[in-house]
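Architecture at a glance
Residues per chain are reported as follows:
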Amino acid sequence: YTGSKEPNTTRANVMLAAAYTGEGRYEDAEKTLKPMLTNPATRPSALLLLAGMEKKRGKDEAAAAHLKTLQTEAPDSAAAKLLAEVIRLKKEKKL
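Residues numbered from 1 in each chain as written. Predicted model: local features only at pLDDT ≥ 70, side-chain atom pairs only at ≥ 80, totals over all residues. Heavy atoms only, no water.

**Observations concerning the packing of helix H2 (residues 26-37) against helix H3 (residues 43-56)**
At a minimum axis distance of 9 Å, the contact between H2 and H3 shows a crossing angle of 155°. Comparing the axis directions of H2 and H3 gives the class roughly antiparallel. Crossing of H2 over H3 shows left-handed handedness. Across the interface between the two elements, Tyr26, Ala29, Glu30, Leu33, Met36 and Leu37 of H2 pack against Arg43, Ser45, Ala46, Leu47, Leu49, Leu50, Met53, Glu54 and Lys56 of H3. Split by residue class, the contact of H2 with H3 holds 10 nonpolar, one polar and four charged. (Axes fitted to C-alpha atoms, helices over the stretch in contact; angles between N-to-C directions. Helix = DSSP H or I, 4+ residues; strand = E, 2+ residues; numbered from the N terminus. Parallel < 35°, antiparallel > 145°, perpendicular 65-115°, else oblique. Left-handed = near helix turned anticlockwise from the far one by under 90°. Contact = heavy atoms within 4.5 Å. Nonpolar A, V, L, I, M, F, W, Y, C, P; charged D, E, K, R; others polar.)

**So, the pattern of salt bridges**
Under the definition given, this model contains eight salt bridges. Here glutamate 23 and arginine 25 are joined by a salt bridge, their closest N and O atoms 3.2 Å apart. Measuring nitrogen to oxygen at the nearest pair gives 2.4 Å for the salt bridge that ties arginine 43 to glutamate 73. Of this pair, arginine 43 sits in helix H3 while glutamate 73 sits in helix H4 (residues 60-73), placing them 30 residues apart in sequence. Arginine 43 sits in the partly exposed class, given a relative accessible area of 23%. Linked through salt bridges whose partners overlap, the residues forming this network are Glu23, Arg25 and Asp28. (Salt bridge = Lys/Arg side-chain N within 4 Å of Asp/Glu carboxyl O. Buried < 20%, exposed > 50% of the residue type's maximum accessible area, 1.4 Å probe, protein only.)

**Section: the environment of alanine 65**
Position of alanine 65 among the secondary structure elements: in helix H4. Measuring from C-alpha to C-alpha, the distance between alanine 65 and alanine 41 comes to 20 Å, with 24 residues separating the pair along the chain.

**Some words on H3**
Between its first and last C-alpha atoms H3 spans 20 Å; for 14 residues at 1.5 Å apiece the expected length is 20 Å, and the two agree. Inspection of H3 places Pro44, Ala46, Leu47, Leu50, Ala51, Met53 and Glu54 among the buried residues, and these make up the whole buried set. With its phi angle positive at about 85°, glycine 58 sits one or two positions after the end of H3. (Expected span 1.5 Å × (residues − 1).)

**Details of the packing of H4 against helix H5 (residues 78-91)**
Running from N to C, H4 and H5 point in directions that differ by 115°, and their axes come no closer than 9 Å. By crossing handedness, the relation of H4 to H5 is classed as left-handed. Together, Leu67, Leu70 and Gln71 of H4 and Ala79, Ala80, Leu83, Ala84 and Ile87 of H5 make up the contact between the two elements. Of the residues assigned to the contact of H4 with H5, the class counts are seven nonpolar, one polar and no charged.

**Here we look at the confidence of the model for the protein chain**
Across the protein chain, the average pLDDT comes to 86, with 91% of residues at or above 70. The least confident element of the protein chain, judged by mean pLDDT, is H5 at 85; the most confident is H2 at 93. (pLDDT = per-residue confidence, 0-100.)

What follows is the structure, encoded as structure tokens:
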């Protein structure tokens, strides 16, 4: 990650971290996401990817913590809205 705020760079890093996670290369995914956590524009995406990675690793509490942070810090982000809808549907037992 170069620290660029360009959308294409962000998109590429999100895709790279997701690919690393899919391959089980969690340390590489974390290294890719770490700089994104310090940028308010990319932090929601990084938190969502970290949550997915932790869930895949069987670390449900860590995944939940990332999702809670996402909802608290960026409630208007698309990821937080999607998460809120999933939670609502689960409560209504429609999912």
